[in-house]
Amino acid sequence: MSTATREPEQFTFRAEITQLLHLLAHSLYQSREIALRELISNASDALDKMRYVSLTDEAHREAAENLAITLEGFPDSRDLIVRDNGIGMTRDELVENLGTIARSGSLEFLRKLGEAKADISLIGQFGVGFYSAFMLAEHVTVRSRSYRDDQGWEWRSDGSGQFEIRPIAKDDRGTEIILHLKNDVRDLTRDDRITQIVRTYSRFIPHPIKVGGEVVNDVRPIWVEPKGQVIDEQHAQFYQHLAHRGDESPLWHLHIAVDSPIQFRALLYCPRSNLERLGLGRTEHGINLLARRVLVQNDCRDLLPDSFRFLYGLVDSEDLPLNVSRETLQDNTVIRRIRGVLVKAVLDRLAKLAEDDPETFRAFHDQFAPILKEGVVSEFEHRDRIASLLRFASSRDEQGKELTSLGDYVSRAQSDQTSIYYLGGPDLSSIRKSPNLEIFRRRGVEVLFLTDPIDEFVMATLGRFEGKDLKSIDAADLNLPGPEIETPPTESTGSGFSRVLELFRSALGDRVVEVRESKRLTDSPCCLVNASGGLSTQMQRILQQANRDVPPIGRVLELNPKAVLIARLAELSNNPSNEAFIHLCALQLWSNALAIEGTLVDPEDMVARVQDLMEQAAAGKSSIIH
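Predicted model, so just to flag it, every value in this text is computed and none were measured.

Points about helix α9 (residues 358–378)
Think of an α-helix as 3.6 residues a turn; residues three or four steps apart then line up on the same face. Relative to the 30 Å expected for 21 residues at 1.5 Å per residue, α9 spans just 26 Å between its end C-alpha atoms, considerably shorter than the ideal helical length. Among all positions of α9, only Thr360, Phe361, Phe364, His365, Gln367, Phe368, Ala369, Ile371, Leu372, Lys373, Gly375 and Val376 are buried.

Okay, structure coming up:
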């Protein structure tokens, strides 16, 4: 039976594809022409792969000649064809590539898209760009022949949940996608309209794009041009081509040219927004690796550390062999040297931005600090430089409007101060209420406020910065700078207070490891601190929320003998009949201290205790409740 008469094979899309096609086919978006951008981008990838094959496989040496993308419209039939003479696809590749979504994060993207919270212009970043064709077409036909095969194949679907594949006669290598356009986008068959879209979205595709027999894109590789000759508009357009971020311009960019001891050119772009904040999962590395303008690897993970994964760009090296494999990239000396230059250049750029353009740096920090902080934990060689770029709220401006660096903190530290003090919490409001801050406020010692969960790991990993230890203020063993602040003694510091300590220890039992007099409180009756050497309270909370098996850390309850309530309890402790009441107060003050930290306490237990305290107060002890 000839290929022309053979019955097509029927396939059903994976469930996530069906969901996507429904969303695209039944939704209207302002920029549906991005579908054409995605198809052109896919065609360019196919040409890149064919060029690579031609340079690394002698049998296909001539295949790189006349590589191009052609767009052809047919107004009468409402058909638009996107054609390339690239690597092509086999039958199995058509089934796999056009029947599944393989990239991580795609399903989450679809969920957000369905909830109208995702930007449709980002569709290409999640490995589902081909399916955007159904935003334009009533049905789509793909005809392809792989460079490794003499047989052509046709894929066809109307986007209703199924597709079919059959063998066809196809003389030339490559792929053509035929869109039978919906009536409301039939203008996409006009050459002038197609040309407009190509020049808007795809002018930097590194292969000729032909419309009506003419090349309509600018294929000049701007990364090899002198820096001074590339204008901001060109950088913005090239960034849009790389990042698929609509008409967004980059927040900042780097144009790097190195001639010795290795030769390479690079363009790096920082977006204005962090996709990971949208809840779409971890972003992929956006740096493409080229060897003498030939694409070697998309999203190369070896050129920059994970903490710089938010950057887009490309690196083009004259010293990298064309046939380098992905497996050997990590061990390649040239790659390691390029990586060293790029990391230094990015850190230098950020440091200069912080000094010369604080507003832009603040915009960068607001978006990407959580990713950058990972570098403190993972990049030992650069951790101090990365740490110097981080900014934190502090007690210097408790509203959190002005952020401070670790370097600025050190420059303001008291002469005898040996530590950088910090306090972590779920938010600024909770942190500001901590009684642990009282002695620091009184002595004028600055405290950093940490609200990002990774901040605690950053501080624990750093350990020291510019010769000063990093220390949480809820640690039991604080060594505060400055002279002790003398306060007049009170009667409660005598035997009455000692008895209160004993009664609190008896009431709390193993809930705490110790109850003692506080040297840090000035107003509050009590606070909880962590036993010497223990994790900070916020670190414990983070690990517990991550379902880590964290053994309970010993807590110390400190009492302020000068607080009105504690002083009155010291007076009452002389009468044994008040011991039950003091036990209740001990449990309630311990619960209050936990609640202030943001730790949930047993509500039924607390309500019952509060009710008991009120009943006793109403019975004649109201004078001790203030």
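Now that the structure is up, let's keep going.
Re the pairing of strand β5 (residues 152–157)
Strand residues, when the strand is regular, have side chains that alternate between the two faces of the sheet. Counting buried positions along β5 gives five out of six residues, so the element sits mostly inside the fold. In this structure, strand β4 (residues 137–145) lies alongside β5, joined through five bridges in antiparallel fashion. Paired with valine 140 across the two strands is serine 157, which belongs to β5. The hairpin turn running from β4 into β5, its antiparallel successor, is six residues long. Looking at chain direction, β5 and strand β6 (residues 162–168) are connected through five bridges and run antiparallel. Directly across from arginine 156, in β6, lies its bridge partner glutamate 164.

Focus on the state of the cysteines
Applying the stated rule across the entire model yields zero disulfides. Cysteine 526 forms no disulfide, and the closest cysteine sulfur to it belongs to cysteine 527, at a distance of 7.0 Å. Since its relative accessible area comes to 1%, cysteine 527 is described here as buried.

Observations regarding the sheet that holds strand β8 (residues 209–211)
Strand order in the open sheet made by the nine strands is β1-β6-β5-β4-β7-β3-β2-β8-β9, with mixed pairing throughout. Edge positions in the open sheet fall to β1 (9–12) and β9 (214–215), since each of these has one partner strand only. Of the strand pairs in this sheet, strand β3 (residues 79–84) and strand β7 (residues 174–181) are connected by six bridges, and their pairing is antiparallel. Bridged to leucine 80 within β7 is leucine 179.

Some thoughts on the packing of aromatic side chains
This model, assessed by the stated rule, comprises 17 aromatic pairs. When the centroid spacing of 5.3 Å and the interplanar angle of 75° are considered together, the rings of phenylalanine 130 and tyrosine 131 count as edge-to-face. For tyrosine 131, a relative accessible area of 1% corresponds to the buried category. The structure contains a cluster of three or more aromatic residues connected by ring pairs, namely Phe11, Phe13, Phe130, Tyr131, Trp155 and Phe163. Between the NZ or CZ atom of arginine 511 and the centre of the ring of tryptophan 590, over which it lies, the distance is 5.6 Å.

Considering helix α5 (residues 191–201)
Along α5, the residues that are buried comprise Arg193, Ile194, Thr195, Ile197, Val198 and Tyr201. Looking at the packing, one finds that the buried side of α5 touches α2 (34–56), β2 (69–74), β3, β8 and α6 (232–243).

Looking at the packing of helix α17 (residues 564–572) against helix α18 (residues 579–597)
Any two packed helices are characterised by how steeply their axes cross, that is the angle between the axes, and by the distance between the axes. Direction vectors running N to C along α17 and α18 enclose 155°, while the axes themselves pass 11 Å from each other. Judged by the inter-axis angle, α17 sits roughly antiparallel to α18. Seen from above, α17 lies across α18 with left-handed handedness. Contact with α17, carried on its side by Leu565, Ile566, Leu569 and Leu572, involves Phe581, Ile582, Cys585 and Leu589 of α18 and no other residues of that element. Residue composition of the contact of α17 with α18, by class: eight nonpolar, no polar and no charged.

A look at the nonpolar core
If you look at the biggest cluster of nonpolar residues, it comprises 70 residues, and the most contacted ones within it are Trp252, Leu342, Phe364 and Leu406. Considering each element in turn, this core owes the most residues, 11 residues, to helix α8 (residues 333–356). Apart from the residues within four sequence positions on either side, leucine 342 is in contact with Ile256, Phe264, Ala266, Leu268, Leu303, Leu304 and Val315.

Observations regarding the pattern of salt bridges
For the structure shown, the criterion picks out 35 salt bridges. Between aspartate 172 and lysine 170 there is a salt bridge; the shortest N-O distance is 3.1 Å. Aspartate 172 gets classed as partly exposed once you look at its relative accessible area, which sits at 43%. The buried category is assigned to lysine 170, whose relative accessible area is 12%. Residue arginine 505 pairs with glutamate 514 through a salt bridge whose shortest N-O separation is 3.1 Å.

Some points on the environment of aspartate 319
If you trace the backbone, aspartate 319 turns up in the loop between β14 (312–317) and α7 (326–329). Relative accessible area serves as the criterion here: at 34%, aspartate 319 is assigned to the partly exposed category. Here the alpha-carbon distance between aspartate 319 and arginine 292, two residues 27 residues apart in the chain, equals 8.3 Å. Each residue touching aspartate 319, except ones within four places of it in the same chain, is listed here: Pro261, Ile262, Gln263 and Val334.

Parameters at a glance
- The written sequence of each chain sets the order in which its residues are numbered from 1.
- Local features in this predicted model are restricted to residues of pLDDT 70 or higher, and side-chain atom pairs are both shown and tallied only at a pLDDT of 80 or more, whereas totals for entire chains, interfaces and linings draw on every residue.
- Only hydrogens and water are removed before side-chain values are computed, so all heavy atoms of the structure are retained for them.
- Secondary structure elements are defined from DSSP: runs of H or I of at least 4 residues count as helices, runs of E of at least 2 residues count as strands, and each element is numbered from the N terminus.
- How far a helix is expected to stretch is found by multiplying one less than its residue total by 1.5 Å.
- Here the term buried applies to any residue with accessible area under 20% of the maximum for its type, exposed to any over 50%, and partly exposed to those in between, with areas from a 1.4 Å probe on protein chains only.
- If DSSP finds at least two bridges between two strands, the strands pair.
- Disulfides are defined in this document as cysteine sulfur pairs within 2.5 Å.
- Pairing of aromatic side chains here covers Phe, Tyr and the six-membered ring of Trp, requires ring centres within 6.5 Å, and sorts the geometry by plane angle: under 30 degrees stacked, over 60 edge-to-face, intermediate tilted.
- Both a distance and an angle decide whether a charge sits over a ring: NZ of Lys or CZ of Arg must be within 6 Å of the ring centre and within 35 degrees of the ring normal.
- The contact criterion used throughout is that any non-hydrogen atoms of two residues lie within 4.5 Å.
- Between N-to-C directions, angles cover 0 to 180 degrees, with each direction set by a line fitted to C-alpha atoms, over the stretch in contact for helices.
- The scheme is simple: roughly parallel for angles under 35 degrees, roughly antiparallel for over 145, roughly perpendicular for 65 to 115, oblique for anything else.
- Here is the rule for handedness: rotate from the far helix to the near one, and if that takes an anticlockwise turn smaller than a right angle the crossing is left-handed, while a clockwise turn gives right-handed.
- Lys, Arg, Asp and Glu make up the charged group, whereas Ala, Val, Leu, Ile, Met, Phe, Trp, Tyr, Cys and Pro make up the nonpolar group; the residues left over, Gly among them, are polar.
- Put simply, buried Ala, Val, Leu, Ile, Met, Phe, Trp, Tyr and Cys residues joined by side-chain atoms within 4.5 Å make one nonpolar core.
- The term salt bridge refers to a pairing of a side-chain nitrogen on Lys or Arg with a carboxyl oxygen on Asp or Glu at a separation within 4 Å.

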